[in-house]
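# Examination of the molecular architecture
Here is how the chains run, residue by residue.
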Amino acid sequence: MSLYLLWRDDTGNRLRFQLELEFVQCLANPNYLNFLAQRGYFKDKAFVNYLKYLLYWKEPEYAKYLKYPQCLHMLELLQYEHFRKELVNAQCAKFIDEQQILHWQHYSRKRMRLQQALAEQQQQNNASVK
Amino acid sequence: MAVVDLLTTYFICCRSVLVRELIEILAISRNQKLPQAGEESQILELLIQRDGEFQELMKLAVDQGKIHHEMQLLEKVVEKRDNDIQQLQKQLKEAEHILATAVYQAKEKLKSIEKARKGAISSEEIIKYAHRISASNAVCAPLTWVPGDPRRPYPTDLEMRSGLLGQMNNPSTNGVNGHLPGDALAAGRLPDVLAPQYPWQSSDMSMNMLPPNHSNDFMLEPPGHNKENEDDVEVMSTDSSSSSSDSD
C-alpha cells in the first residue's frame, strides 16, 4: 500500500492524523523508545526531523486529542541528541519506566494517605466518645 | 583689606624716610645757615607728590576692595544656583528611574495579559479533558494497582499492536484486518473489545481534525518507497513475517 498517496487527499490526511496521533503517544513508552534507539532510528536525520515536526501536538487544538499527554514531555526530551543517545541503554529506559510508574501512582498514594488519616481521626473520635 | 594695609605700611615707611631726610636737611641747613632751600623744597615737593600718589593708590585699593566684595557675593549666588541645578538633576533622575520601572512593569503585565488571552480555554473543556485522561487511568494509576498489573501510564505493546499503526503492518493476523485500515475506519468495524480501552480509535472526535501540512523535508525518498512509514509500520513487526506491507 502506498502511504505516500494518502498524503494527497483528505481521507489520507485524516488517516495520517490518526497514525500520527498513535505514534506520538507511543513515544510515552520508554521501552518503545529503547527499541527505536537500539535499532538506530534516532540516528536517521529524517526521523529526527520527523520528531521535530511532531511538536505540533503541543498546540492546544491538537493536544486535546492526546490520552497520554506525558508523551509530549518525552517528545520534547527527544529533541535533544544527548537524550536520544542515552536511550540506547536498557537501564536508562528502565529507570524512566520506574519513575513514570511511581509518578503515575502519586495521586492514588495521596488519596490512600488521606483516607488513612481520615480513618485514624474517626477512630480517635470514637475512642474519645467512649 | 590686607592689600590696603600693606600699601599703607609701605607708604608710611616711604614717608617716614622722606620725613627723616627732610628733618636731617633742615637740621643741617640750620647749622650751616646756607641757602639750600632748593633741596628742601625739592624734598617737600617729592613728599607732596608721594603723598598724592599714595592717596590715589588708596582710593584704587578701596575700589578694588569693593569690587572684590561684590565678586564674592556673586560667587555665593552662583554656588547657590549650582546647588539648585544639582538638586533638580537628582530629582529628574529619580523621576526617570521611577517612570522607567513603571513602564517596564506595565509592559511585563501586558505581555502576561496577552499570553493569558492567547491560552484562554473554557473551563468546561478543561474539565472534560481532565475527566477523559483520568477515567482511562492514563495519568493516574487505578486504585487497585499492584506490581504485576499489566496496566501502564503509556500505551503498552499490546495496545500498540492493536492500534492503527500495528494493524497496518499486520493485515493478516486479525479477522477484521483483511481490509485496508481506511476501510476498517470507514466501516466502523474496529474491534469492540479494544475500542473503549484504546482511545485513539474514537473516530468520531478526530474525523474533522487534520494534521498540519508539511513539505517533504524529512528527506523522504521518492514516492513509492516511503522510508518514514517503513519505520512506523516496521517497528511492530518484531515477531511477524509480514515485512512486505510497505509501499511499492
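Definitions and limits used
- Residues numbered from 1 in each chain as written.
- Chains lettered and ligands numbered in written order.
- Predicted model: local features only at pLDDT ≥ 70, side-chain atom pairs only at ≥ 80, totals over all residues.
- Heavy atoms only, no water.
- UniProt positions renumbered as here; feature names shortened; annotations may be inferred.
- Salt bridge = Lys/Arg side-chain N within 4 Å of Asp/Glu carboxyl O.
- Helix = DSSP H or I, 4+ residues; strand = E, 2+ residues; numbered from the N terminus.
- Buried < 20%, exposed > 50% of the residue type's maximum accessible area, 1.4 Å probe, protein only.
- Contact = heavy atoms within 4.5 Å.
- Phe/Tyr/Trp six-rings, centres within 6.5 Å; stacked < 30°, edge-to-face > 60°.
- Axes fitted to C-alpha atoms, helices over the stretch in contact; angles between N-to-C directions.
- Parallel < 35°, antiparallel > 145°, perpendicular 65-115°, else oblique.
- Nonpolar A, V, L, I, M, F, W, Y, C, P; charged D, E, K, R; others polar.
- Polar contact = N/O pair within 3.5 Å; in protein donor to acceptor, adjacent residues only side chain to side chain.
- Core = buried A, V, L, I, M, F, W, Y, C linked by side-chain atoms within 4.5 Å.
- Expected span 1.5 Å × (residues − 1).

The name recorded for chain B in an unreviewed UniProt entry is Mediator of RNA polymerase II transcription subunit 4, from Columba livia. Note on chain B: under the UniProt heading Subcellular location (unreviewed entry), the record states "Nucleus". Turning to chain B, the UniProt record has this under Subunit (unreviewed entry): "Component of the Mediator complex."

Where an unreviewed UniProt entry is consulted, chain A appears under the name Mediator of RNA polymerase II transcription subunit 31, with the organism given as Columba livia. Taken verbatim from the UniProt record of chain A, the Subcellular location (unreviewed entry) comment is "Nucleus". Listed under Sequence similarities (unreviewed entry) in UniProt, the entry text for chain A is "Belongs to the Mediator complex subunit 31 family."

### Some remarks on the pattern of salt bridges
Taken as a whole, this structure holds eleven salt bridges over all chains when the rule is applied. Here Glu76(A) ties to Lys58(A) by a salt bridge, and the two come within 2.9 Å at their closest N and O atoms. Of this pair, Glu76(A) sits in helix α6 (residues 70-78) while Lys58(A) sits in the loop between α4 (45-53) and α5 (60-63); the two residues are 18 residues apart in sequence, bridging distant segments of the chain. In this structure Glu76(A) comes out as partly exposed when scored by relative accessible area, which is 32%. Residue Arg117(B) pairs with Glu114(B) through a salt bridge whose shortest N-O separation is 2.6 Å.

### Details of the UniProt feature "coiled-coil region" (unreviewed entry) in chain B
In the UniProt entry, the feature "coiled-coil region" (unreviewed entry) is given for residues 71-105 of chain B. Counted over residues 71-105 of chain B, helix gives 100% and strand 0%. Its end C-alpha atoms are 51 Å apart.

### Thoughts on the side chain of Thr156(B)
Considering the arrangement of structural elements, one finds Thr156(B) in the loop between α3 (123-135) and α4 (157-162). Not counting chain neighbours up to four residues away, the residues in contact with Thr156(B) comprise Asn29(A) and Pro150(B).

### Description of the packing of aromatic side chains
Residues and elements named next belong to chain A. All chains considered together, the criterion is met by 15 aromatic pairs over all chains. Taking 4.8 Å as the distance between ring centres and 75° as the angle between the ring planes, the aromatic pair formed by Tyr 56 and Tyr 62 counts as edge-to-face. With relative accessibility at 10%, the residue Tyr 56 sits in the buried group. According to the relative accessible area criterion, Tyr 62 is buried, its value standing at 11%.

### Description of the packing of helix α2 (residues 10-26) of chain A against α4(A)
Residues and elements named next belong to chain A. Two numbers describe how α2 lies on α4: the axes approach to 12 Å, and their chain directions differ by 100°. In terms of their interaxial angle, α2 and α4 are classed as roughly perpendicular. Facing Arg 16, Glu 20 and Phe 23 of α2, the residues of α4 in contact are Phe 47, Tyr 50 and Tyr 53. Across the contact of α2 with α4, the residue classes break down as four nonpolar, no polar and two charged.

### Examining the packing of helix α8 (residues 90-104) of chain A against helix α9 (residues 106-129) of chain A
Residues and elements named next belong to chain A. Running from N to C, α8 and α9 cross one another at 40°; their axes reach a closest spacing of 4 Å. The orientation of α8 relative to α9 falls into the category oblique. Counting all contacts with α8, which are made through Leu 102, His 103 and Trp 104, the residues of α9 involved are His 106, Tyr 107, Ser 108 and Arg 109. Partitioned by chemical class, the residues of the contact of α8 with α9 number three nonpolar, three polar and one charged.

### Re the environment of Gln100(A)
Here Gln100(A) shows up in helix α8. Residue class for Gln100(A) comes out buried when judged on its relative accessible area of 12%. Sequence separation between Gln100(A) and Gln70(A) is 30 residues, and the spatial gap between their C-alpha atoms is 9.2 Å. Ignoring sequence-local partners within four residues, the contact set of Gln100(A) consists of Ala28(A), Pro30(A), Gln70(A), Pro153(B) and Tyr154(B). Polar contacts involving the side chain of Gln100(A) include one to the main-chain carbonyl oxygen of Ala28(A), which spans 3.2 Å.

### Points about α6(A)
Along α6(A), the positions that sit buried rather than exposed are Gln70(A), Cys71(A), Leu72(A), Met74(A), Leu75(A) and Leu78(A). Lining the buried residues of α6(A) we find α2, α3 (30-38), α4, α7 (81-86) and α8 of chain A.

### Digging into the nonpolar core
Across soluble globular proteins, nonpolar side chains have a tendency to be buried as a group. By size, the foremost hydrophobic cluster in this structure holds 41 residues, and its most contacted members are Leu27(A), Phe42(A), Leu54(A), Trp57(A) and Leu87(A). At the level of elements, α2, α3, α4, α5, α6 and α8 of chain A together with α5 (164-169) of chain B are the ones that each hand at least two residues to this core. Among the elements that take part in this core, α2(A) stands out by supplying seven residues, more than any other. If near-sequence neighbours (up to four positions away) are discounted, Phe42(A) is found in contact with Leu33(A), Leu36(A), Ala37(A), Phe47(A), Val48(A), Leu51(A), Leu78(A), Arg84(A) and Leu87(A).

### Re the side chain of Ser108(A)
Within the fold, Ser108(A) resides in helix α9. For Ser108(A), a relative accessible area of 8% gives the class buried. Setting aside anything within four residues of it in sequence, one finds Ser108(A) in contact with Cys140(B), Ala141(B) and Leu143(B).

### Describing α8(A)
An ideal rise of 1.5 Å per residue puts 21 Å on 15 residues; α8(A) measures up with 21 Å between its terminal C-alpha atoms. Where α8(A) is buried, its residues touch α3, α6, α7 and α9 of chain A.

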